[in-house]
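# A structural walkthrough
Single-letter residue listing:
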Amino acid sequence: MSGAVPILSVQGLLKTFGGVTAVSSVDLRVKKGELLGIIGPNGSGKTTLVNLISGFVKPNGGEVLFKGKDITGLPPYRIVGMGMARTFQLVKPFYQLPAFKTLIVPLCSPRIKAVLGGRYGDRDAIALDLLEEVGFERDSNVAYKPAGSLPQGYLKRLELAKAMALRPDLLILDELFSGLSLAEVASIVPIIEKLRFQGKTIVMIEHRLKELFRIADRIMVLNFGMKIAEGAAGDVMASEAVKKAYLGSEAG
Amino acid sequence: MLLGTLIYGFVNSCLLALLAMGFNLTFGISGVANFSYGAIYIFSGFAAWIFLNSAGLPYALCVIMAIGLSATLGVLIYHVVIKRVKGLALSEVMATFGLGLAIMELFRYFDFVGFKYTLPNLIEGSVAIGDVYIDYQRIAVILAAIALTGFIYVFTHYTRTGLAFRAIAQDERTALTFGMDSDHIAALSMGFGSALAAAAAVVVLPLGTIAVEGGYDVLLNALAVCIVGGLGSTVGILVASVLIGYAQTITANYLEPHWMMLVSLIAIAIVLCIKPSGIFGHQKELEERI
Amino acid sequence: MKKRKERIDRGIKVRSEDIFALTSYREMIYLLAPRALPVVGLLLFVPLFSPYWREIFISTAIYALLAISWDVLVSVGLISLGQSFFYGVGSYVAGALNHYWGLPPVLTLPVATIGGAAICTIALLPVLRLRGIYFSMVTLVLPLMILRLVEATRIFGGTEGLTGLSPFPGQLTEMYIANACLLIALFGFRRLLDSDYGLIVRGINDNDRAVMNAGLNIHWYKTQILFLGAAVGCFAGAFGTHHDMFAGMPGFALDYSIMPIAAAIVGGTGTFAGSVLGAFILVPLSEILRALGALRIVFYGLFLVIFVVGIPEGLFHYIRRKYHQFERWVDVE
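Just so it is clear, the model here is predicted, and its values are computed rather than measured.

Regarding its fold elements, chain C presents 15 helices and 4 strands. Against the compact-globule benchmark of 20 Å for 333 residues, chain C has a radius of gyration of 21 Å, which places it among compact chains. Taken over the C-alpha atoms alone, chain C extends approximately 70 × 55 × 40 Å along its principal axes. Taken across its 333 residues, chain C has 49% of its residues classed as buried.

Written out as structure tokens, the structure reads:
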């Protein structure tokens, strides 16, 4: 569907906190069905950008268009209702309750009712199915363990499941791979591939460049709140601006 | 009438600022909402009275001892009660509120009730400005408010402890990495706030009697000023005090005295609708808290 | 050899969570007993008391309802320091309806409950978007200000209040209505907070950002909970009005604000049963201590501090733990 309206379109997005410009006139266009990776050194404004897009922070300027509609400044629940979902870097589930209970909350969202055609369905069953999809082995009953007792690998999958539960068309994953071993990352990648196969668009903020480059279609680089490069992974990493951002300029 | 309103309005504003200063500071520095503030205010008043009337000490000494005692009480409350529940909003509020209640009603139980409980004016007499008579005590209120504001400014900008206060108020985590002991600073902020309450009491109580109900009133007014001006902002308190102070005086002089409380209510209502965190408040609204 | 204390669920608790509970009388009784206790106690035994003690229990029921109302608000993260606001509004609405328009209690009670709750919710709506401390501050300030307003403007009877209102038909009826509504509130809210709806509410309390992210409008949920809590409080006020046959400034008194909180904290926050338990301990106790005058409030204040700092979980959690678990010392491995 080339030439069609991009599923996400960001123009001139600006955010300042006091004297600091966190995001400075960022433009971004995400095609439906692609996997875009957003990278950049720490403090480059990646998470703020996601917060601006998903409605958690109101921008000082610029606009965000989702599926062609202006969502700038809308509250998060409205944006989720339109089909966008995001994960958080720091996963904070219901520590004492069984893991699958954490998924009940998103399954109560009006979005679910709209997507399933007017009914919510059996939330407990849907939650358990979702967890199985993200790799909670059914016969080990991991889904019933208290969420606070889960190791990081499972917590990250739980966070992913929370976003998937909302049946989004656009998924924004904020540092999903952080804190995971190579094996754990390798086991999550098939889940992401499956989501792409289902036609979902995915945006991933990552520090794990090698793992990201294997699955991303396009890469965008941020530094000090500004976009400094965009394109295929190889081109982007060869760019002088990106090298300077990550490694610093050479003396002399 | 106009001159009188102008002058007495200013007195009222300074009075409100004095009352709110201590509560606002404690919260601004260490995030502790000290709901025993009113009790400490009354405590210092009665303490000064006891030193003066039962021990017969010179008044200046009574004042100093009362302020010192209140500061100590504040620090004690922190170490015994607040420290154990710090961080849990509900418990902090309940514990300080319960303690304040116990202290205030204890005075009532021991019969500290009646017109004989009052503090002497710092200066007797009055002066005429135009055709308005104003007593020196009320001028003292104005001077005290200005002096205390100045003192707070100098203290927080030029002394080590004061700068530490501001550091923790701005960013507790970073201040901790600089080796500041947040517990210690919080205790000091309680002491500081309590001392301010005592200072306010000594200046304001001579205008009336030391009554337990006054304790509730003080908490009420301090909260109203803080809500309107914005918790944690000294400038906000000053602005809010002027706004509410003048609004109250104008209402009392041109309408009816008992509509004064309505003024505070309306001020709160307006602020909550337009800028809920207060005029100069920097509490981010829910959506802004990432 | 170092030892540590180990807590294990009792055998009967484990069995009663499974299919055994349906087939064995022992397990069934184990599950039913704690639930039947308040029902039987309130509806069967209390009517057997003398009229003086029945009065006490009506008063206890009113405070217990206010404590449940407080607990409802706390479950979503709103800490109310002014339960007397709800009581007073409910009281005045019922009183006004009865005094000016002659409506009987059977009508004033529901209207005051729903209408009063609407008024309270609208009044507190602006503060819902802010941090919890603002809600606490405003709820503390509101009833105290309304008191002064009533005193000054002399509306609704001013300082004398509205007197000579219709009573209930008989003390026994009163008592049954009070206790029945208390039980409905107790079991109803426990059920509600255990459901998926309750999960959302507790989620908002725990991590509101995550619930927002889950596509839910947290402000709407907070408003709903505020309305529910206010309704219970207003009902208590309306009920108390017809019980005392009087509506006036004492409806906004500090007592109605503090006692419910003390009861909920002593009994255990977040459990509703704890609120009821706390009320049933504190109110009769305060009657016995009535001779001490102002010392009563001193006592409450200190009680609050000691429980908040020392036994934060509350009595109900403690009792429940003892009922479901046993402790033993084991060697540290």
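Chain B puts 37 residues into the contact, and the matching count from chain C is 38 residues. Residue assignment for the side of chain B that touches chain C shows that the elements contributing at least two residues are helix 3 (59-85), helix 4 (89-109), helix 9 (212-229) and helix 11 (260-274) of chain B. The element best represented in the side of chain B that touches chain C is helix 4 of chain B, accounting for 15 residues. In terms of residue class, the side of chain B that touches chain C is built from 27 nonpolar, 6 polar and 4 charged.

What follows deals with the sheet that holds strand 6 (residues 84-86) of chain A. Residues and elements named next belong to chain A. Reading across the sheet, the 6 strands line up as 6-7-8-3-9-10 and stay open at both edges, with mixed pairing between neighbours. In the strand order of this sheet, the two ends are held by strand 6 and strand 10 (226-231), each with one partner. Within the sheet, the average angular offset between the axes of one strand and its neighbour, ignoring direction, is 15°. Along the sheet, helix 1 (residues 46-54) contacts strand 3 (35-39), strand 6, strand 7 (170-174), strand 8 (201-205) and strand 9 (218-223); its crossing angle with strand 7, the most-contacted strand, is approximately 150°.

Moving on to the sheet that holds strand 2 (residues 20-30) of chain A. All names here are of chain A. A sheet is described by the order of its strands in space; here 4 strands give the open sequence 2-1-4-5, paired in antiparallel fashion. Of all strands in the sheet, those with a lone pairing partner are strand 2 and strand 5 (69-70), marking the two edges. By the bridge criterion, 7 bridges tie strand 1 (residues 8-17) to strand 2 in an arrangement that is antiparallel. Bridge pairing in strand 2 links lysine 15 to valine 23. Docked against the sheet, helix 1 engages strand 1, strand 2 and strand 4 (61-66), running at close to 65° with respect to strand 2.

We now examine the packing of helix 8 (residues 171-194) of chain C against helix 9 (residues 196-206) of chain C. All names here are of chain C. One can describe the packing of helix 8 onto helix 9 by two numbers: an axis separation of 4 Å at closest approach and a directional angle of 75°. As far as their axial angle goes, helix 9 and helix 8 are roughly perpendicular. Each of Leu192, Leu193 and Asp194 in helix 8 lies in contact with helix 9, whose residues at this interface are Tyr197, Gly198 and Val201. A class-by-class count of the residues in the contact of helix 8 with helix 9 yields 4 nonpolar, 1 polar and 1 charged.

This next bit is on unusual backbone geometry. With a phi close to 45°, arginine 167 of chain A is a non-glycine residue in the positive phi region. Tracing the backbone shows arginine 167 of chain A in the loop between helix 6 (152-165) and strand 7. For methionine 245 of chain C, which is not glycine, the phi torsion reads 55° and is therefore positive. For methionine 245 of chain C, the location among the structural elements is in the loop between helix 11 (218-244) and strand 3 (246-247).

Of all the positions in helix 5 (residues 123-133) of chain A, only Arg123, Ala127, Leu130 and Leu131 of chain A are classed as buried. All buried residues of helix 5 of chain A lie within an arc of 100° about the axis, which places them on one face of the element. Each element contacted by the buried residues of helix 5 of chain A is listed here: helix 3 (104-107) and helix 6 of chain A together with helix 9 of chain C. Looking one or two residues past helix 5 of chain A, glycine 135 of chain A carries a phi angle of roughly 105°, positive in sign.

Residues and elements named next belong to chain B. Mean pLDDT for chain B: 84, with 96% of residues reaching 70 or above. Of all the helices and strands in chain B, helix 7 (residues 172-177) carries the lowest mean pLDDT, 75, while helix 2 (residues 37-53) carries the highest, 92. Counted against residues more than four places away or in other chains, residues 285-290, with its pLDDT under 50, gives 14 contacts.

At the junction of the two partners, chain C supplies 14 residues and chain A supplies 18 residues. Every element with two or more residues in the side of chain C that touches chain A is listed here: helix 9 and helix 10 (208-213) of chain C. Class assignment for the residues of the side of chain C that touches chain A results in 7 nonpolar, 5 polar and 2 charged.

Here we come to the confidence of the model for chain C. Mean pLDDT over chain C stands at 88; residues scoring 70 or higher make up 100%. Element-level pLDDT for chain C is lowest in helix 2 (residues 20-23) of chain C, with a mean of 76, against a maximum mean of 94 in helix 11 of chain C.

As a further point, take the nonpolar core. Judged by nonpolar contacts, the single largest core of 284 residues is most densely connected at Leu18 and Ala200 of chain B together with Ala64, Leu65 and Ile68 of chain C. No other element matches the 16 residues that helix 8 (residues 182-204) of chain B contributes to this core. Sequence-distant contacts of alanine 200 of chain B, that is, excluding residues within four places in its chain, are made with Leu18, Leu19, Met21, Gly22 and Tyr41 of chain B.

Once that is clear, we can look at the packing of helix 1 (residues 2-30) of chain B against helix 5 (residues 136-158) of chain B. All names here are of chain B. As a packed pair, helix 1 and helix 5 sit with axes 9 Å apart at the nearest point and diverge in direction by 45°. Taken together, the axes of helix 1 and helix 5 are oblique relative to one another. Note on packing geometry: the crossing formed by helix 1 with helix 5 is left-handed. Contacts from Phe10, Val11, Cys14, Leu15, Ala17, Leu18 and Met21 in helix 1 reach Arg138, Val141, Ile142, Ala144, Ala145 and Leu148 in helix 5. Broken down by class, the residue content of the contact of helix 1 with helix 5 amounts to 12 nonpolar, no polar and 1 charged.

Residues and elements named next belong to chain A. Here helix 6 spans 20 Å end to end across 14 residues, near enough to the 20 Å set by a 1.5 Å rise per residue. With 12 of 14 residues buried, helix 6 lies mostly within the body of the structure. Of all the residues in helix 6, the buried ones are Tyr154, Leu155, Lys156, Arg157, Leu158, Glu159, Leu160, Ala161, Lys162, Ala163, Met164 and Ala165. Contact partners of the buried residues in helix 6: strand 6, helix 3, helix 5, strand 7 and helix 7 (182-197). Downstream of helix 6 by one or two residues, arginine 167 has phi in the positive range, about 45°.

With that settled, consider the environment of alanine 127 of chain A. Residue and element names in this part refer to chain A. Topologically, alanine 127 is positioned in helix 5. Judged by local crowding, alanine 127 falls into the buried class, with 24 C-beta atoms found within 10 Å. A C-alpha to C-alpha distance of 7.8 Å links alanine 127 and alanine 165, two positions 38 residues apart in sequence. Dropping the residues within four chain positions of it, alanine 127 is found in contact with Phe100, Leu103, Ile104 and Leu107.

Further remarks concern the environment of tyrosine 77 of chain A. Along the chain, the position of tyrosine 77 of chain A falls in helix 2 (residues 76-82). Through-space distance from the C-alpha of tyrosine 77 of chain A to that of valine 185 of chain A is 29 Å; in sequence the pair is 108 residues apart. Setting aside its immediate chain neighbours within four residues, tyrosine 77 of chain A contacts Met212, Gly215, Leu216 and Asn217 of chain C.

All names here are of chain C. Burial runs low along strand 1 (residues 3-9): only 0 of the 7 residues are buried. Pairing geometry for strand 1 and strand 4 (residues 325-331), over 7 bridges, is antiparallel. Note on strand 4: the bridge partner recorded for glutamate 6 is arginine 328.

Each value, and the rule that gives it
Residues numbered from 1 in each chain as written. Chains lettered and ligands numbered in written order. Predicted model: local features only at pLDDT ≥ 70, side-chain atom pairs only at ≥ 80, totals over all residues. Helix = DSSP H or I, 4+ residues; strand = E, 2+ residues; numbered from the N terminus. Rg over C-alpha atoms; globule rule 2.2 N^0.38 Å. Buried ≥ 20, exposed ≤ 12 C-beta atoms within 10 Å, placed from the backbone. Contact = placed C-beta atoms within 7 Å. Nonpolar A, V, L, I, M, F, W, Y, C, P; charged D, E, K, R; others polar. Pairing = 2+ DSSP bridges. Axes fitted to C-alpha atoms, helices over the stretch in contact; angles between N-to-C directions. Parallel < 35°, antiparallel > 145°, perpendicular 65-115°, else oblique. Arc of directions from axis to C-beta. pLDDT = per-residue confidence, 0-100. Core = buried A, V, L, I, M, F, W, Y, C linked by C-beta atoms within 7 Å. Left-handed = near helix turned anticlockwise from the far one by under 90°. Expected span 1.5 Å × (residues − 1).

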